[in-house]
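# Residue-level structure breakdown
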Amino acid sequence: QVQLVESGGGLVQPGGSLRLSCAASGFTFGSYWMYWVRQAPGKGLEWVSAIDERSAYTYYAASVKGRFTISRDNAKNTVYLQMNSLKPEDTAVYYCNGESVAGTQKYNYWGQGTQVTVSS
């Protein structure tokens, strides 16, 4: 069955770094745009970053641009989010999301999330 499994979250001090991973299975990973989306405590979902199927294009929210880097390894069916210079406001549950459109059919999958806490 389809699975997206995030890992790499944890507690980190302000200014620190974390690398999130999202391992995909059960679908053709290389045909999907992949996204990272986060949800801070008491807030709605916030889109963080996106990468196209072949890593030709990457996009970032203004709040993370210059600090976060999205990448993917299609051979390993994995997408990554390198997070540097972390701030307390980056504290959130981070989800990976995959989406593909084939004709009129849209496919969209979500992981279960991984907690990132930035605190001293």
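Notes on the structure in this doc start here. Not measured: the values here are computed from a predicted model.

## Description of the nonpolar core
With 27 residues, the main nonpolar core has W36, F68, V79, L81, M83 and Y94 as its most contacted residues. Among the elements that take part in this core, strand 3 (residues 18-25) stands out by supplying four residues, more than any other. Excluding residues that lie within four positions of it along the chain, V79 makes contacts with L20, S21, C22, F29, M34, W36, I51, I70, S71, R72 and C96.

## As for the pairing of strand 8 (residues 78-83)
Judged by how many residues are buried, strand 8 sits mostly within the fold: five of six residues are covered. With six bridges joining them, strand 3 and strand 8 adopt antiparallel strand pairing. Of the residues in strand 8, the one forming a bridge with S21 is Y80. The pairing of strand 7 (residues 68-73) with strand 8 spans six bridges and is classified as antiparallel. If you follow I70 over to strand 8, its bridge partner there is L81. Between strand 7 and strand 8, which pair antiparallel in sequence order, lie four residues; one of them, N77, sits at a positive phi of approximately 55°.

## What about the pattern of salt bridges?
Side chains that carry opposite charge are capable of pairing whenever their charged atoms lie near each other. In the structure shown here, the tally under the stated rule is four salt bridges. Across the pair E46 and R38 runs a salt bridge whose closest N-O atoms are separated by 2.7 Å. On the basis of relative accessibility, which here comes to 4%, the residue R38 falls in the buried class. In this structure, the salt-bridge partner of R38 is D90, at a minimum N-O distance of 2.9 Å. Here R38 is found in strand 4 (residues 33-39), whereas its partner D90 is found in the loop between strand 8 and strand 9 (92-102), with 52 residues between them in sequence. With respect to class, R38 is no different from D90; both count as buried. Through salt bridges that share partners, R38, E46, R67 and D90 make up one connected network.

## Details of the pairing of strand 9
Regular strands place side chains that alternate from one sheet face to the opposite one. Two elements, strand 4 and strand 9, share seven bridges in a ladder whose sense is antiparallel. Note that in strand 9 the partner of V37 across the bridge is Y95. Of the pairings in the sheet, the one linking strand 9 to strand 11 (residues 114-118) comprises three bridges and is antiparallel in character. The partner of A92 across the bridge, within strand 11, is V116. Where strand 9 lies against strand 10 (residues 105-110), six bridges are found, and the strand directions are antiparallel. Residue pairing in the sheet places G98 in a bridge with Y109 of strand 10. The antiparallel pairing of strand 9 with strand 10 creates a hairpin that spans two residues between the two strands, and G103 there sits at a positive phi of about 65°.

How each quantity is defined
Residues numbered from 1 in each chain as written. Predicted model: local features only at pLDDT ≥ 70, side-chain atom pairs only at ≥ 80, totals over all residues. Heavy atoms only, no water. Core = buried A, V, L, I, M, F, W, Y, C linked by side-chain atoms within 4.5 Å. Buried < 20%, exposed > 50% of the residue type's maximum accessible area, 1.4 Å probe, protein only. Helix = DSSP H or I, 4+ residues; strand = E, 2+ residues; numbered from the N terminus. Contact = heavy atoms within 4.5 Å. Pairing = 2+ DSSP bridges. Salt bridge = Lys/Arg side-chain N within 4 Å of Asp/Glu carboxyl O.

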